[in-house]
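Listed below, chain by chain, are the residues.
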Amino acid sequence: MPTDFEKSVYEILKKIPKGKVITYKAIARKLGKKSSYRAVGNALNKNPYGYFAISSEAIGNRRSSIRGDLACHRVIKSNGEVGGFAHGTKRKIKMLEKEGIKIEEGKVDLKKFEFDL
DNA sequence: CATATGACACTAT
DNA sequence: AATAGTGCCATAT
């Protein structure tokens, strides 16, 4: 069972559009808990949705047993590095690139790809 | 209640 | 630029 904190994290994640990313720190800030960025990562790591549940558009895809539309792979570190991923960082990178997000020197240009602010 | 853990962030080297 | 140490916070045990 997801805790309230975890659910609040997932709710914010639903708002991130394809082609954009958000940082763990920004999510924490949006929750009004600017220092909980680390806990945000924990919540995502335990997320009950599969990594393939990348977006609403993926619903219907034969490979996905969609249970939601959380784009967990769109959450990266505040310094632009991709960060971790429960199903492999390599996979996370591929998914991001597939959405048009460029990763150079292992980093994403937040100026260009960060959603909101 | 006390410790340990980790998809992080910052600062100081 | 790269590394190491410190701080943080929700959960698990």
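Structure: above.
Residues numbered from 1 in each chain as written. Chains lettered and ligands numbered in written order. Predicted model: local features only at pLDDT ≥ 70, side-chain atom pairs only at ≥ 80, totals over all residues. Heavy atoms only, no water.

(A) Broad picture of the pattern of salt bridges. What the rule picks out here adds up to six salt bridges. Linking Arg 74 and Glu 99 is a salt bridge whose minimum nitrogen-to-oxygen distance equals 2.8 Å. Placement of the pair is Arg 74 in the loop between helix H3 (37-45) and strand S2 (75-76) and Glu 99 in the loop between helix H4 (89-98) and strand S3 (103-104), with a sequence separation of 25 residues. Taken as a pair, Arg 74 and Glu 99 share a single burial class, namely buried. With a shortest N-O distance of 3.7 Å, Glu 81 and Lys 77 are connected by a salt bridge. For Glu 81, a relative accessible area of 31% translates into the label partly exposed. The exposure class assigned to Lys 77 is partly exposed, which follows from its relative accessible area of 37%. (Salt bridge = Lys/Arg side-chain N within 4 Å of Asp/Glu carboxyl O. Helix = DSSP H or I, 4+ residues; strand = E, 2+ residues; numbered from the N terminus. Buried < 20%, exposed > 50% of the residue type's maximum accessible area, 1.4 Å probe, protein only.)

(B) Quick look at the nonpolar core. Core analysis: the biggest nonpolar cluster contains 19 residues, and Val 9, Leu 13, Ile 22, Ile 27, Val 40, Leu 44 and Val 75 have the highest contact counts within it. Looking at this core, the elements that each hand over two or more residues are helix H1 (4-13), helix H2 (24-30) and H3. Every residue in contact with Leu 13, bar those within four places of it in the chain, is listed here: Ile 27, Leu 44, Leu 70, Ala 71, Cys 72 and Val 75. Of all hydrophobic cores here, the second largest spans nine residues; its members include Leu 96, Ile 101, Val 108 and Phe 113. (Core = buried A, V, L, I, M, F, W, Y, C linked by side-chain atoms within 4.5 Å. Contact = heavy atoms within 4.5 Å.)

(C) Molecular detail of the protein's contact with DNA strand B. Around DNA strand B sit 15 residues, and of these Lys 25, Arg 38, Asn 42, Leu 44 and Asn 45 come closest. For DNA strand B, the backbone makes up 47% of the atoms found within 4 Å of the protein, where backbone means sugar plus phosphate. Contacts to DNA strand B include Arg 38, whose side-chain N or O atom sits 2.9 Å from a base nitrogen. Contact between DNA strand B and Gly 84: a base nitrogen at 3.2 Å from a main-chain N or O atom of the residue. (Near = heavy atom within 4 Å. Polar contact = N/O pair within 3.5 Å; in protein donor to acceptor, adjacent residues only side chain to side chain.)

(D) Up close: H4. Turning to H4, its buried residues number three or more, namely Lys 92, Met 95 and Leu 96. Along the axis of H4, the buried residues cluster in a sector spanning 100°; they form a single face. Exposed residues pointing more than 90 degrees away from the buried face of H4 are listed as Lys 90, Lys 94 and Lys 98. Those residues of H4 hidden inside the fold are in contact with H2, S2 and S3. Phi turns positive one or two residues past the end of H4, at Gly 100, with a value near 95°. (Arc of directions from axis to C-beta.)

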